[in-house]
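Listed below, chain by chain, are the residues.
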Amino acid sequence: VNWYGAHMKQMVMNGLDAAPLEDIAGNVSDLGFNCVRLPYSIEMLSDSAVVPHPRETLAANRDLQGLTPLQVFDRTVDALTRRGIWIVLNNHVSAARWCCSLLDGEGLWYTRGYNETQWLQSLAFMAARYRANALVVGFDLRNELRPSELGEPLWASGSPEE
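Below is a summary of the structure that appears in this document.

1. Comments concerning the packing of helix α3 (residues 69–81) against helix α4 (residues 116–129)
Then, in step 1: Interhelical geometry of α3 versus α4 gives an angle of 45° and a closest axis separation of 13 Å. Looking at the two axes, α3 sits oblique to α4. For the element pair α3 and α4, the recorded crossing hand is right-handed. Here Leu70, Phe73 and Asp74 of α3 lie close against α4, whose contacting residues are Phe125, Met126 and Arg129.

Shown next, in the form of structure tokens:
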């Protein structure tokens, strides 16, 4: 399952406006799924990040209103892993937004707003944050690498011989 939303401007998973987090996590488990990919943005990790319009975005989760995006993400990880569901963290984008086009500036692991060092720091931060949770089992280091205004993703030198 891919439970998206936290990487977008709302900075929390989709559906939390319509159903309680515990119910959604329960439904994922009841349907027999055993792994959820949770996309996030580097922006949502900032100490100054807030959930925009929490009364609407978290309408079915009053207990989550007032929390930071990262705290809501923590609660989501907890709700899923308490049910034995594995988590794959996914650094989807740097700036909180919809992606993925050749023009969004998010095609590489670094962007105009977030450099490579910030990307590496965000990965280390998330790995350390969930290190003690044995059900956080994987990391999608970056979503859909593609050409960007800053260049093209190349492995080695890009030579056909390599």
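Text resumes after the structure shown.
2. What about the state of the cysteines?
Then, in step 1: By the definition in use, this model includes zero disulfides.
Then, in step 2: Between Cys35, a cysteine without a disulfide, and Cys99, which holds the nearest cysteine sulfur, the sulfur-to-sulfur distance is 19 Å.

3. A closer look at the packing of aromatic side chains
Then, in step 1: Within the structure shown, the criterion is met by six aromatic pairs.
Then, in step 2: The interplanar angle of 70° and the centroid separation of 6.5 Å between the aromatic rings of Tyr40 and Phe139 together place this pair among those described as edge-to-face. In this pair, Tyr40 is assigned in strand β1 (residues 35–41) and Phe139 in strand β3 (residues 136–140), connecting sequence segments 99 residues apart.
Then, in step 3: The partly exposed category is assigned to Phe139, whose relative accessible area is 28%.
Then, in step 4: In textbook terms, an aromatic cluster arises when at least three aromatic residues are bridged by ring pairs, as seen for Tyr40, Phe73, Tyr130 and Phe139.

Rules of the game
- One numbering rule holds for all chains: residues counted from 1, following each sequence as written.
- Local features in a predicted model are, by the rule used here, given only for residues with pLDDT of at least 70; side-chain atom pairs are given and counted only at 80 or more, and totals for whole chains, interfaces and linings are based on all residues.
- Only heavy atoms go into the side-chain values, all of them from the structure, while hydrogens and water stay out.
- Every angle, taken between N-to-C directions, lies between 0 and 180 degrees, and every axis is a line fitted to C-alpha atoms, over only the stretch in contact when it is a helix.
- Secondary structure elements follow DSSP: runs of H or I of four or more residues count as helices, runs of E of two or more count as strands, with numbering from the N terminus.
- Relative orientations are named as follows: roughly parallel for angles under 35 degrees, roughly antiparallel for angles over 145 degrees, roughly perpendicular for angles from 65 to 115 degrees, and oblique for any other angle.
- If you view the pair so one helix is near and one far, a crossing is left-handed when the near helix is turned anticlockwise from the far one by less than a right angle, and right-handed when it is turned clockwise.
- Contact definition: two residues touch when any of their heavy atoms are within 4.5 Å.
- Cysteine sulfur atoms that pair up within 2.5 Å are treated as a disulfide.
- In this scheme Phe, Tyr and Trp rings, the latter by its six-membered ring, pair at centre separations within 6.5 Å, and the angle between planes marks the pair as stacked below 30 degrees, edge-to-face above 60, and tilted otherwise.
- Residue burial is assigned from relative accessible area. The probe radius is 1.4 Å, only protein chains are included, and a residue is buried under 20% of its type maximum, exposed over 50%, and partly exposed in between.

Such coordinate-based values are descriptive only and should not be taken to indicate function.
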